[in-house]
Amino acid sequence: MFENLRTEMTEVMGPLVDLPTPQDCADYAVIRAIIPAGVVVPLHSHPDRETFVVMAGRIRAYLNVDWQYYEVGDVIEIDSNVKHAIHNDGDTDAAVVLVTTARMTQFFNEVGARGKQARPTPERIDHFFERSAAYGYWNGTPEDQAAIGLSLAAMHA
């Protein structure tokens, strides 16, 4: 699904995003994204607020205390610094529209790779964590991930 969009999108450690150009961003950005089947966005937080609208498929999101499923038309509101994770545990791609800050778009541009990509390399993972720290973003430890039922080993297998 969505194969025609994939080559034009930026891969950000699993999800594919259609990033606006910097001049199209003011204080916030509207981003189309594909979350491929099986992709996990591990537990993390950041000062950037996010609003997701599910446009196709189904995803589950962890917000602070538990997991919940979201389907077409559902809205996920994630306030600043809320620990959260996203998982497409289905067998089809999911599509979302993401409204977030222009700063988050800049981060995606710095850590992303253009077009359909293979699994992230160790160098890309290191770069991701270095840029995350520079932006003041928090990424959960393997223990944090395990506490909510995620395994980093399985994500990078």
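Quick caveat, the model's predicted, so the values are computed rather than measured. (Residues numbered from 1 in each chain as written. Predicted model: local features only at pLDDT ≥ 70, side-chain atom pairs only at ≥ 80, totals over all residues. Heavy atoms only, no water.)

(A) Broad picture of the nonpolar core. With 29 residues, the main nonpolar core has Val17, Ile31, Ile59, Ile76, Val96, Phe107 and Phe108 as its most contacted residues. When residues of this core are traced back to their parent elements, those giving at least two are strand E3 (28-35), strand E5 (50-56), strand E6 (58-63), strand E8 (75-78), strand E10 (94-101), helix H2 (102-111) and helix H3 (122-135). If we skip the residues at most four places from it in the chain, isoleucine 76 touches Glu50, Thr51, Phe52, Ile59, Ala61, Leu63 and Tyr70. The next biggest cluster of nonpolar side chains, apart from the first, holds six residues, and it includes Val40, Leu43, Tyr62 and Ile148. (Core = buried A, V, L, I, M, F, W, Y, C linked by side-chain atoms within 4.5 Å. Buried < 20%, exposed > 50% of the residue type's maximum accessible area, 1.4 Å probe, protein only. Helix = DSSP H or I, 4+ residues; strand = E, 2+ residues; numbered from the N terminus. Contact = heavy atoms within 4.5 Å.)

(B) Representation of the packing of aromatic side chains. Across all of its chains, the model carries seven aromatic pairs by this definition. Measuring from centroid to centroid gives 6.2 Å for phenylalanine 107 and phenylalanine 108, while their planes differ by 50 degrees, and the two rings are tilted. The exposure class of phenylalanine 107 is buried, given its relative accessible area of 3%. Chaining the aromatic ring pairs together yields one cluster made of Phe107, Phe108, Phe128, Phe129, Tyr135 and Tyr137. Taking NZ or CZ as reference, arginine 58 lies 3.7 Å from the ring centre of tyrosine 69, over its face. One cation-aromatic arrangement involves lysine 83 over tryptophan 138; the distance from NZ or CZ to the ring centre is 4.4 Å. (Phe/Tyr/Trp six-rings, centres within 6.5 Å; stacked < 30°, edge-to-face > 60°. Lys NZ or Arg CZ within 6 Å of the ring centre and 35° of its normal.)

(C) Summary view of the pairing of E5. With five of its seven residues buried, E5 lies for the most part within the structure. Bridge count for E5 against E8 is four bridges, and the pairing is antiparallel. Within E8, the residue paired with valine 53 across the bridge is valine 75. In this structure, E5 lies alongside E10, joined through five bridges in antiparallel fashion. Counterpart to valine 53 in the pairing with E10 is valine 97. (Pairing = 2+ DSSP bridges.)

(D) Highlighting the sheet that holds strand E9 (residues 84-87). Taken in spatial order, the five strands make up an open sheet running E7-E6-E9-E4-E12, and their pairing is antiparallel. The open sheet has two edge strands with one neighbour each: strand E7 (66-71) and strand E12 (138-139). Here strand E4 (residues 40-45) pairs with E9 via three bridges, running antiparallel. From the neighbouring strand, valine 41 faces E9, where its bridge partner is isoleucine 86.

(E) Main features of a nonpolar patch on the surface. Together, Tyr28, Val30 and Val99 line one region of the surface with nonpolar side chains, adding up to about 270 Å² of accessible area. Taking relative accessible area as the criterion, valine 30 reaches 48% and is therefore assigned partly exposed. (Patch = residues over 30% accessible without salt bridge, like charges linked within 9 Å, V, L, I, M, F, W, Y side chains within 5 Å. Areas by Shrake-Rupley, 256 points an atom, 1.4 Å probe, with all protein chains shown as cover. Salt bridge = Lys/Arg side-chain N within 4 Å of Asp/Glu carboxyl O.)

(F) Focus on the pattern of salt bridges. Enumeration according to the criterion identifies nine salt bridges in this entry. In this structure, the salt-bridge partner of arginine 32 is aspartate 18, at a minimum N-O distance of 2.4 Å. Within this pair, whereas arginine 32 is found in strand E3, its partner aspartate 18 is found in strand E2 (residues 16-18), the two being separated by 14 residues in sequence. For arginine 32, a relative accessible area of 41% puts it in the partly exposed group. Take aspartate 18: its relative accessible area is 24%, and that puts it in the partly exposed class. Across the pair glutamate 130 and arginine 131 runs a salt bridge, and its minimum N-O distance is 3.3 Å. Residues joined by salt bridges that share partners form a network here, namely Arg49, Glu77 and Asp79.

It is worth stressing that arrangement in space is one thing and function is another; only the former is reported here.
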